[in-house]
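# Breakdown of the fold
For reference, the chains in residue letters:
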Amino acid sequence: MILTYYCIVTMIIIAYLLGSIPSAVWIGKKYYGIDIREHGSRNAGTTNMLRVLGRRAALPVFLLDFLKGFVAVTLIEILKYDDHIDDMWLINLKLIAVFAAVLGHIFPIFAGFRGGKGVATLVGAVTGIYPPVALLCFAVWCVVLIVSHYVSLASMVAGGCFPVFTLISPKVNGSVPFVVFSFVIAVLLVYTHRKNIDRLKAGTESKIYIWKPRKARTDRSPHDPSNRS
C-alpha cells in the first residue's frame, strides 16, 4: 500500500511538472526574442501568442499546452494495474492530475510561477478523461469565437456548457466527482476571466480574427478603370 501512495504522489508531481512546461515563454524567447508575459495581456498562453505574434507562433503553443494536459492525465492509466486502485479511484486520480497540470500551467515552476490561464491544458486533460465531452465543448468554443471574435467569451461559454454536456453523457453523469469537477471548472473559468468580463462590458476587449476580414478599398480614383461598369 505504501508503494501505491508513492506512485500516486509521483504521478501527481509529474502532472504538475508537465503543466509547468512554459511553451509560450520558451517559444517566444527562442524564436521571437521576447518574453510574451511582457506584452499584450501578459499571459503565457495561446490567445496572447495569437494576439502578439500571430498564428504561426500560437499554433505550436496550443498543441504543446494541449498535449501536456493530455499526457498528464493519460499517464494515470498506469495505476490501473495496481490492485489497490479501482475504477472509481482511477477517475478521482485523473481529476487530481487535471488540477495539478492546470495549476502547473498557471504557476509554472520553470518560469518563475508566472504562467497563463490554462484553458488549452484543461482541454487536453479533459480529453484524456472523456473525449466526447471535451470535443463538444471545443465545438461550442469554435462557434462562439467565429461569431463573436472574443476568445475570452468563447472560453467562458464553452466552460459553462461543460457541466451541461457532463450531465447528459451517460458514461460520466454517474460519476459524482466528475460532475462536481465540471461545475468547479465552469466557475473557475468565469473567475479567471473576471478582468475580461469587465473589458467585455466596457467594450474594450480585444477581438481575435482567425481569418482577417478584407478591408474595402476606399482610395480608388474616380478615373480608375476598375470603377467603370
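Residues numbered from 1 in each chain as written. Predicted model: local features only at pLDDT ≥ 70, side-chain atom pairs only at ≥ 80, totals over all residues. Heavy atoms only, no water.

With that out of the way, let us pick up the packing of aromatic side chains. Scanning the entire structure with this criterion turns up 7 aromatic pairs. A ring pair is formed by F138 and W141, whose centres lie 5.8 Å apart and whose planes are at 10°; its orientation type is stacked. Of this pair, F138 and W141 both sit in helix 7 (residues 131-148), 3 residues apart, which is roughly one turn of that helix. Geometrically, the ring pair formed by F162 and F181 is edge-to-face, given 5.9 Å between the ring centres and 90° between the ring planes. Here F181 lies in helix 9 (residues 176-192) and F162 lies in helix 8 (residues 151-167), a separation of 19 residues in the sequence. According to the relative accessible area criterion, F162 is buried, its value standing at 4%. Over the ring of Y31 we find K30, and its NZ or CZ is 5.8 Å from the ring centre. (Phe/Tyr/Trp six-rings, centres within 6.5 Å; stacked < 30°, edge-to-face > 60°. Helix = DSSP H or I, 4+ residues; strand = E, 2+ residues; numbered from the N terminus. Buried < 20%, exposed > 50% of the residue type's maximum accessible area, 1.4 Å probe, protein only. Lys NZ or Arg CZ within 6 Å of the ring centre and 35° of its normal.)

For the rest of this paragraph, the subject is helix 8. Between the first and last C-alpha of helix 8 there are 25 Å, a value that for 17 residues agrees with the 24 Å anticipated at 1.5 Å per step. The largest bend in helix 8 comes to about 25°, at C161, with the proline P163 one to four residues further on. Turning to helix 8, its buried residues are V151, S152, A154, S155, M156, A158, G159, F162, P163, F165 and T166. Lining the buried residues of helix 8 we find helix 3 (46-53), helix 6 (119-129), helix 7, helix 9 and helix 10 (194-202). (Expected span 1.5 Å × (residues − 1). Bend = angle between axes of the 7 residues up to and from the residue. Contact = heavy atoms within 4.5 Å.)

Moving on: the pattern of salt bridges. Taken as a whole and assessed by the stated rule, the structure comprises 7 salt bridges. Taking the shortest distance from any N to any O, the salt bridge between R42 and E38 comes out at 3.4 Å. The exposure class of R42 is partly exposed, given its relative accessible area of 48%. Note that K68 is salt-bridged to D65, the shortest N-O span being 3.2 Å. Residue K68 and its partner D65 are both found in helix 4 (residues 55-74); the two are separated by 3 residues, about one turn of the helix. Both residues of the pair, K68 and D65, belong to the buried class. (Salt bridge = Lys/Arg side-chain N within 4 Å of Asp/Glu carboxyl O.)

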